[in-house]
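# Structure assessment
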Amino acid sequence: MAATAPYLLQLPVRSPELRVLIDGGYAIFRSRLEFPFSRKNHAPPLRVVNARKVRVECVAKSTELEALVKDGGDGEDEDDDEVREDDDKVVSHGDSVHVVPQEFSNGSASSQKNVSTSGGDSLSLGIREPVYEVVEVKTCGTVAKRKINRRHLLKSSGLRPRDIRSVDPSLWLTNSMPALLVREHAILLNLGSLRAIVMQERVLIFNYNRKGGQAFIDSLLPRLNPTSTNGGPSMPFVLEVVEAALHSRIQRLEHRLWDLEPRVEALLEVLPNRLTADILEELRISKQKLVELGSRAGALKQMLLDILEDTHEIRHICIIGRNCVLKKENDEIECSVPLEKEIAEEEEEEIEMLLENYLQRCESCHGQAERLLDSAKEMEDSISVNLSSRRLEVSRFELILQVGTFCVAVGALVAGIFGMNLRSYLEEHVFAFWLTTLGIIVGAVLAFYLMYWYLRTRKIL
């Protein structure tokens, strides 16, 4: 047998080489059996994950076959993530092994690695990073609109993700309280509709289309104009921005107060003598605006008080942009250059005076709003007392009418008795009608005065 067939491969029964040949032939035979059924049913080609169809070409040298079997055996023991491609064919040509991806009916090649890559891309595309549209104002006074994403904003300002929450325009309902947060390289401003991030050489304004943001820009740009400041700003850029923000905010509160004050005073003069629905509605609206104005001014005043009481925050503002640090023991300023330390100490005094000034203005605005609100509340109490007195008079008059109606009803009862068609022999007398009528009237009046006297003695009327 060996002499007649020199290229016949002889393998032991329990050898691994024979097992590989049997598995490969079975896989090819099974694929040929399944192909007609899938074509008949018009089913799409199925992907078999982590499966490999192996076609082994037998060669004369047993060493090459052993190397091929060894390669296949090692591949079976590897994990799923080490499999190169799905439905690949391993073809042995002499001394080399080639991996050929299987082509489907539509002419496209697929692999497990490509599937995993496309899945990762789809996941990455599903995450949308927020992009903010801001107005950037630099130290030279140039204004530019730009769009910046959250990651770039954090990287350029040196802030943390939780710091952005205080100035995020999408969180205006939860962050309505005014705040001035000082960080290492930036200051975050949240003053109502004004939300901005102040850095050493620029400021980013978020709600620039709203009234607060527009008023802040109108207040900041003249301060950065060299012609209006005689050659340059008198204070550092950070302090100029903070002062402009406080000035625009408090000025808006004062303008609201100046608009409300004459209206409230005019209402106080007219009331309570002239009670109409229009005047009462205007008083209600004015009171609501005063409550809102007082709450905003009070919150801003509390914020300024907290900053003035915290010397660490004030000194931290002074060292922004300088090569200085604060000691942890006593919060003293340490600078590499002695001149910078002197400048920082001078700026600390300027910041305190600046905050004191705006605190007094805010207290004045808050006090005036509270005074007008108290006057409006007193007027409402007076109106309620006046209306109560009027309701009492109406109730007394209604009670008197009810008493008179009762007395007249008694007289009507007597008249109804005489109106029956029964003989009483009084109809035969000439003066019986007049005497009966006079008795009914006298009895009704007497009953009315008796009941009225009883009600007055019991202090019901």
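One numbering rule holds for all chains: residues counted from 1, following each sequence as written. It should be noted that, the model being predicted, local features are given only for residues of pLDDT at least 70 and side-chain atom pairs only at 80 or more, the latter also being counted only at that level, while totals for whole chains, interfaces and linings use all residues. The basis for every side-chain value is the complete set of non-hydrogen atoms in the structure, without hydrogens or water.

This next bit is on the pairing of strand β9 (residues 202-205). Judged by which residues are buried, β9 turns out to be covered on both faces: R202 and L204 on one side and V203 and I205 on the other are all buried. DSSP calls a pair of strands paired once it identifies at least 2 bridges connecting them. Counting from the N terminus, the helices are the DSSP runs of H or I reaching at least four residues and the strands are the DSSP runs of E reaching at least two. Pairing geometry for strand β4 (residues 131-138) and β9, over 4 bridges, is antiparallel. Bridging across to β9, V137 finds its partner in V203. The pairing of strand β8 (residues 194-198) with β9 spans 3 bridges and is classified as antiparallel. Along β9, the bridge assignment pairs A196 with I205. Only protein chains enter the accessibility calculation, which uses a 1.4 Å probe; a residue whose area is less than 20% of its type maximum is buried, one above 50% is exposed, and one in between is partly exposed.

Turning next to the UniProt feature "transmembrane region" (unreviewed entry) in the protein chain. According to UniProt, the positions carrying the feature "transmembrane region" (unreviewed entry) are residues 399-419 and 431-455. Across residues 399-419 one finds 95% helix and 0% strand; the C-alpha atoms that close the span lie 30 Å apart. Each end of residues 431-455 is marked by a C-alpha atom, and these two atoms are 36 Å apart; helix forms 96% of the span and strand 0%. UniProt positions are given in the numbering used here, feature names are shortened, and annotations may be inferred rather than shown by experiment.

With that settled, the discussion passes to the packing of aromatic side chains. Stacked, tilted and edge-to-face are the three classes applied to pairs of Phe, Tyr and Trp rings, where Trp contributes its six-membered ring and a pair requires centres within 6.5 Å; stacked means planes under 30 degrees apart, edge-to-face means over 60, and tilted covers the rest. By the definition in use, this model includes 4 aromatic pairs. Each ring, one from Y132 and one from F206, has its centre 5.6 Å from the other, and the planes form 90°; the classification is edge-to-face. Taken as a pair, Y132 in strand β4 and F206 in the loop between β9 and α5 (211-224) lie far apart in primary sequence, 74 residues in all. With respect to class, Y132 is no different from F206; both count as buried. For the pair F448 and Y449, a centre-to-centre distance of 5.8 Å together with 80° between the ring planes defines the contact as edge-to-face. Since its relative accessible area comes to 22%, F448 is described here as partly exposed.

Take the pairing of strand β6 (residues 179-182) next. Judged from the 4 bridges that link them, β6 and strand β7 (residues 187-191) form a sheet pairing that is antiparallel. Along β7, the bridge assignment pairs V182 with I187. Taking the residues that link successive antiparallel strands as the turn, the β6-β7 hairpin has 4 residues.

As a further point, take the nonpolar core. Nonpolar side chains in soluble globular proteins tend to be buried together. Among the nonpolar cores identified, the biggest contains 59 residues, and L180, I187, V203, I205 and F216 are the most heavily contacted of them. When near neighbours in sequence (up to four residues on either side) are disregarded, L180 contacts I187, L188, L189, V242, M303, I307 and I317. Only buried residues count toward a nonpolar core, which is a set of Ala, Val, Leu, Ile, Met, Phe, Trp, Tyr and Cys residues joined through side-chain atoms within 4.5 Å. Here, residues are in contact when the closest pair of their heavy atoms is within 4.5 Å.

Our focus in this paragraph is the sheet that holds β7. Ordered by their spatial adjacency, 6 strands build an open sheet running β5-β4-β9-β8-β7-β6, and the pairing between neighbours is antiparallel. In this open sheet, the two strands that pair with only one neighbour each are β5 (143-149) and β6. Sheet twist, expressed as the mean angle between neighbouring strand axes with direction ignored, is 25°. Here α5 sits on the sheet in contact with β4, β5, β8 and β9, set at roughly 25° to β4. Between the N-to-C directions of two axes lies an angle of 0 to 180 degrees, each axis being a line fitted to C-alpha atoms and, for a helix, fitted only over the stretch in contact.

Before going further, it helps to examine the packing of helix α8 (residues 311-318) against helix α9 (residues 338-418). A pair of packed helices can be characterised by two numbers: the angle between their axes and the separation between those axes. At a minimum axis separation of 9 Å, α8 and α9 run at an interaxial angle of 125°. Between α8 and α9, the interaxial angle falls into the category oblique. Our pair here, α8 against α9, has a crossing hand that is right-handed. Contact residues: α8 offers I314, R315, I317 and C318, while α9 offers A344, E347, E348, I351, E352 and L355. When residues are sorted by character, Ala, Val, Leu, Ile, Met, Phe, Trp, Tyr, Cys and Pro go into the nonpolar class, Asp, Glu, Lys and Arg into the charged class, and all the rest, Gly among them, into the polar class. Of the residues that constitute the contact of α8 with α9, the class distribution is 6 nonpolar, no polar and 4 charged. Any angle that is under 35 degrees is reported as roughly parallel, and any over 145 degrees as roughly antiparallel; angles of 65 to 115 degrees are reported as roughly perpendicular and all others as oblique. Left-handed describes a crossing whose near helix is turned anticlockwise from the far helix through less than a right angle; right-handed describes the clockwise counterpart.

Turning next to a negative patch on the surface. A patch consists of residues exposed above 30% relative accessible area that lack any salt bridge, with like charges linked at up to 9 Å and nonpolar side chains (Val, Leu, Ile, Met, Phe, Trp, Tyr) linked at up to 5 Å. Only the protein chains shown count as covering a residue, and every accessible area follows the Shrake-Rupley method with a 1.4 Å probe. Just to be clear on terms, a salt bridge is a Lys or Arg side-chain nitrogen sitting within 4 Å of an Asp or Glu carboxyl oxygen. By the counting scheme adopted, Arg and Lys are positive, Glu and Asp are negative, and His together with the chain ends is not counted. For this purpose, a charge sits on NZ of Lys, CZ of Arg, CG of Asp or CD of Glu. There is a patch of like negative charges on the surface, built from E332, E342, E345, E346, E349, E350, E352, E356 and E363. One can find E356 in helix α9.

Scanning all chains against the criterion turns up 11 salt bridges. In this structure, the salt-bridge partner of R146 is E136, at a minimum N-O distance of 3.4 Å. With R146 in strand β5 and E136 in strand β4, this pair connects stretches of sequence that are 10 residues apart. Classification of E136 by relative accessible area gives buried; the value is 9%. Its salt-bridge partner being E240, residue R223 comes within 3.9 Å of it at the nearest N-O pair. You can see R223 sitting in helix α5 and its partner E240 sitting in helix α6 (residues 237-270), a full 17 residues away along the chain. E240 sits in the buried class, given a relative accessible area of 4%. Look at the salt bridges and you will find they share partners, linking E136, R146 and R202 into a network.

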